[in-house]
Number of protein chains: 2
Amino acid sequence: MKKPNRARSRTPIREQQRLDPSEREGIIAREAVSFFAEYGFEGQTRELARRLRITQPLLYRYFPSKEALIERVYQEVFVERWKPSWEAIITDRSVPLKTRLIQFYREYAGVILTYEWIRLFMFAGLKDLGLNARYLKMLRERAFERLIEEIRFEYGRPSTRDLPITVLEIEMVWGLHAAIFYLGVRKFIYSMPLETDVNSIIDAKVTTFLGGIRSVLPAKETV
Amino acid sequence: MKKPNRARSRTPIREQQRLDPSEREGIIAREAVSFFAEYGFEGQTRELARRLRITQPLLYRYFPSKEALIERVYQEVFVERWKPSWEAIITDRSVPLKTRLIQFYREYAGVILTYEWIRLFMFAGLKDLGLNARYLKMLRERAFERLIEEIRFEYGRPSTRDLPITVLEIEMVWGLHAAIFYLGVRKFIYSMPLETDVNSIIDAKVTTFLGGIRSVLPAKETV
DNA sequence: CTTTTTGTTTATCAAATGATAAATAAGTAT
DNA sequence: ATACTTATTTATCATTTGATAAACAAAAAG
């Protein structure tokens, strides 16, 4: 009933006007993600409207301002695309640690190594806004800290609840994250095609990581 | 009248006007580096002029267009700041390989891990322009390929002239580069203060790198 | 069919912005 | 001093751009 897109119109080929508000809003938001990822937040509303095949003032019926539209883009990409299931993957001790790490990073890479995610994250950072710091704080709390806890457990070290995470430990995790993130930077910001399979790079990096992090873990004697 | 600061008054208390053209041009270029690094290339010429305490049209006496000024900024940062001596450091076989690597990366990091370099490089990448690809091509040719040649030599492997650099080898070098570059991204784009000394991170990364790259070098038997 | 509602477009504003031309004035040469 | 050169400013233009109001038209309601 709410799909009145054509009716007796013989030519549904062309533009369907007068969409349901929620549908139109979704279309605008989706296109805005793609648009701002390409041109940055200085991209003009008229050009966005042109890509949507609507007029520019119509944007303001659905979003009170350009800034509000940008906020929606953040929501769409950095909040909606986070999968809570990742946290479960990391802490599922019925699976070998290395397997968990590889699975998490493969899935995570699958989400962030996209044109939209990488570029929007970088645009946001350059504009400031605190968005990046907020996101990375979440990443640290939900993923990295759990991950270190699991590594501590694996090697029989004290829990992070008893002995706070050290600078060296978190630095190692940042290093792993950097390696993956940089693949996206090379591909989507520098326009340099990757010559290697992402998954195999991840596997190699995780292996190296696990091999190296033992040396920075707190001693067993502690506690 | 208005500006009584004149005469041969040796008191440069207030603004000195009417600078020598080459001097003024240098001042503008220097400030433009700082300005565009902060606001991006969409930063407005009027605001730049305000920071320079000059009027906006004066900019156009020294640079025919905003784009020309931006080109000058690229020159100033990505060309002028490259030190040819780095190439000598890498290939100086009178020095232990690890020492050379650490020295090179410390010096290189000293140049690129700055607010201006990191942000301008990212702004340029997002705007495209091919600047990044061009720069990284140079980095690869002048530094990375030499570096791999030295590693091959150190471990008694065939020269890169006889056996081309492999994808795995160059990927390892990219990984090292990523680790360092990402420090700059964290600090100057995400505004996250680094909790660790950069030099010690570099030392650790180089050590890990040298420990790991053996396994991806071509076999001795080849050739 | 007529009226009402509302998604969409047309017309337009005000401020911002890169750029140019003419006026001004600081320094130099005569 | 006077004339000349030119670094700098004042005034201004033509577009661009985020945003608003009114007009229009496609459905829904009566």
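Placed above this text is the structure.
All residue numbers here refer to positions counted from 1 along the written sequence of the relevant chain. Following the order in which they are written, the chains are lettered starting with A and the ligands numbered starting with 1. Since the coordinates come from a predicted model, pLDDT governs what is reported: local features require at least 70, and pairs of side-chain atoms require 80 or more to be given and counted, while whole-chain, interface and lining totals use all residues. Note that the side-chain values use all heavy atoms of the structure and ignore hydrogens as well as water.

Draft legend 1. Structural context of empty space enclosed by the protein. Think of a 1 Å grid over just the protein atoms. A cavity is a set of points where a 1.4 Å probe fits yet cannot get out, a pocket is an open set with protein on both sides within 12 Å along at least five of seven lines, and lining residues have an atom within 4 Å of a point. Grid points are joined across faces, edges and corners, and a volume is the space filled by probe spheres set on the points. Enumeration over the complete set of coordinates arrives at five cavities of 30 Å³ or more. Space inside the largest cavity adds up to approximately 60 Å³. If you go around the largest cavity, the residues you meet are A:Ala179, A:Tyr182, A:Leu183, A:Arg186, A:Ile201, A:Lys205, B:Glu171, B:Trp174, B:Gly175 and B:Ala178. Of all the secondary structure elements, the ones that give two or more residues to the lining of the largest cavity are helix 9 (167–189) and helix 10 (198–213) of chain A together with helix 9 (167–189) of chain B. Strands here are runs of E lasting at least two residues and helices are runs of H or I lasting at least four, both read from the DSSP assignment and numbered beginning at the N terminus.

Draft legend 2. Highlighting helix 6 (residues 97–112) of chain B. Residue and element names in this part refer to chain B. To estimate how far a helix should reach, multiply one less than its number of residues by 1.5 Å. Between the first and last C-alpha of helix 6 there are 22 Å, a value that for 16 residues agrees with the 22 Å anticipated at 1.5 Å per step. Accessible area is worked out with a 1.4 Å probe on protein chains only. A residue is then buried under 20% of its type maximum, exposed over 50%, and partly exposed in between. Among the residues of helix 6, Leu97, Arg100, Leu101, Ile102, Phe104, Tyr105, Tyr108, Ala109, Val111 and Ile112 are the ones counted as buried. Contacts between residues were defined by any pair of non-hydrogen atoms, one from each residue, lying within 4.5 Å. Contacts made by the buried residues of helix 6 are with helix 5 (85–91), helix 7 (115–127), helix 8 (131–154), helix 9 and helix 10 (198–213).

Draft legend 3. Just the protein's contact with DNA strand D, in detail. Throughout this document, a residue counts as near a molecule or strand when at least one of its heavy atoms sits within 4 Å of that molecule or strand. Taken together, 21 residues sit near DNA strand D, with A:Gln44, A:Tyr60, B:Arg24, B:Arg61 and B:Tyr62 positioned nearest. Of all DNA strand D atoms lying within 4 Å of any protein atom, the proportion belonging to sugar or phosphate reaches 58%. When residues of the surface near DNA strand D are traced back to their parent elements, those giving at least two are helix 2 (45–52) and helix 3 (56–62) of chain A together with helix 1 (21–39) and helix 3 (56–62) of chain B. Sorting elements by how many residues they give to the surface near DNA strand D places helix 3 of chain B first, with four residues. When grouped by side-chain class, the residues that make up the surface near DNA strand D number eight nonpolar, seven polar and six charged. Amino acids are sorted into nonpolar (Ala, Val, Leu, Ile, Met, Phe, Trp, Tyr, Cys and Pro), charged (Asp, Glu, Lys and Arg) and polar (every other residue, Gly among them).

Draft legend 4. View of the protein's contact with DNA strand C. The environment of DNA strand C is made up of 23 residues, and the closest members are A:Leu19, A:Arg24, A:Tyr62, B:Gln44 and B:Tyr60. Here the atoms of DNA strand C within 4 Å of the protein split so that 60% fall in sugar or phosphate, with bases taking the remainder. Taking A:Tyr62, its side chain carries an N or O atom lying 2.6 Å from a phosphate oxygen of DNA strand C. B:Arg18 has a polar side-chain atom sitting 2.9 Å from a base nitrogen of DNA strand C. Take the surface near DNA strand C: its biggest share by element is four residues, from helix 3 of chain A. For the surface near DNA strand C, the residue count by class is eight nonpolar, eight polar and seven charged. Throughout this description, a polar contact denotes any pair of N or O atoms lying within 3.5 Å of each other; where both atoms belong to protein, one of them has to be capable of donating a hydrogen while the other can accept it, and for residues adjacent in sequence the pair is counted only when both atoms sit in side chains.

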